[in-house]
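Close look at the chain arrangement
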Amino acid sequence: MQMSLCLIKEELKTRKLFRILQEIGMTECGFEPHLDSLILQTIGLDDEDDNVSDRYFTIMEKRSKKIEGNNDSMMKQTFKAYREIMNLKKSVTSKKM
C-alpha cells in the first residue's frame, strides 16, 4: 500500500505541474514521467485493459485538478485517488467472477 500511495502522490504532483506549465504556454515537453502503468501493476490492475485505463485516467485527472498548494491537500487527494482506484479494482475483480 505504501508504494502505491507514494507512486500516486508523485503522479498527481506531476500532472498538476505539467498542467500549469501547459497553461502558461509550455507544451510538448518530453520530460514528463508517466507512472500510470507502474501504479496499475503495483495495485494489481491490468494496464492494457482500456476500460481500466480510461477509468484510472479519469480518477487521476479529477484528483490532480483538486490539489491546492499545500501538503494536506496533496495527501487528501492522494488518499482519495487510492480509494477510488481500489474501488475500480473491486469492480473489475467482481466482473471477472
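Everything in this summary refers to the structure shown in the same document.

Criteria and thresholds
- Residues numbered from 1 in each chain as written.
- Predicted model: local features only at pLDDT ≥ 70, side-chain atom pairs only at ≥ 80, totals over all residues.
- Heavy atoms only, no water.
- Helix = DSSP H or I, 4+ residues; strand = E, 2+ residues; numbered from the N terminus.
- Contact = heavy atoms within 4.5 Å.
- Salt bridge = Lys/Arg side-chain N within 4 Å of Asp/Glu carboxyl O.
- Polar contact = N/O pair within 3.5 Å; in protein donor to acceptor, adjacent residues only side chain to side chain.
- Axes fitted to C-alpha atoms, helices over the stretch in contact; angles between N-to-C directions.
- Parallel < 35°, antiparallel > 145°, perpendicular 65-115°, else oblique.
- Left-handed = near helix turned anticlockwise from the far one by under 90°.
- Nonpolar A, V, L, I, M, F, W, Y, C, P; charged D, E, K, R; others polar.
- Core = buried A, V, L, I, M, F, W, Y, C linked by side-chain atoms within 4.5 Å.
- Buried < 20%, exposed > 50% of the residue type's maximum accessible area, 1.4 Å probe, protein only.

Quick look at the side chain of S4
The residue S4 is located in helix α1 (residues 2-23) in this model. Each residue touching S4, except ones within four places of it in the same chain, is listed here: T42, I43 and Y82.

Some thoughts on the pattern of salt bridges
Under the criterion given, the structure shown has 7 salt bridges. Between K13 and E10 there is a salt bridge whose closest N-O contact spans 3.1 Å. With K13 and E10 both in helix α1 and 3 residues apart, the pair spans about one turn of that helix. As a salt-bridge pair, R63 and E84 come within 2.5 Å of each other at their nearest N and O atoms. Note that R63 is positioned in helix α3 (residues 50-65) and E84 in helix α4 (residues 71-96), a separation of 21 residues in sequence. Connected via shared salt-bridge partners are E11, R15, R19, D36 and E61.

Considering the side chain of T14
Mapping T14 onto the fold places it in helix α1. Within polar-contact distance, the side chain of T14 engages the backbone oxygen of E10 at 2.9 Å. Apart from residues lying up to four places away in sequence, T14 is in contact with E32 and P33.

Some thoughts on the packing of α1 against helix α2 (residues 36-43)
At a closest axis distance of 10 Å, the pairing of α1 and α2 adopts a crossing angle of 155°. Looking at the two axes, α1 sits roughly antiparallel to α2. In this structure, α1 crosses over α2, and the sense of that crossing is left-handed. Contacts between α1 and α2 involve M3, S4, L7, I8, E11 and R15 from the former and D36, L38, I39, T42 and I43 from the latter. When grouped by side-chain class, the residues that make up the contact of α1 with α2 number 6 nonpolar, 2 polar and 3 charged.

Quick word on the nonpolar core
General note: in soluble globular proteins, nonpolar side chains tend to be found buried as a group. I8, L12, I39, L45, Y56, M60 and I85 are the most contacted members of the largest nonpolar core, which totals 19 residues. The set of elements that each furnish at least two residues to this core consists of α1, α2, α3 and α4. Tallying contributions element by element places α4 first for this core, with 6 residues. Among residues more than four places away in sequence, those in contact with I8 are I39, I43, M60, T78, A81, Y82 and I85.

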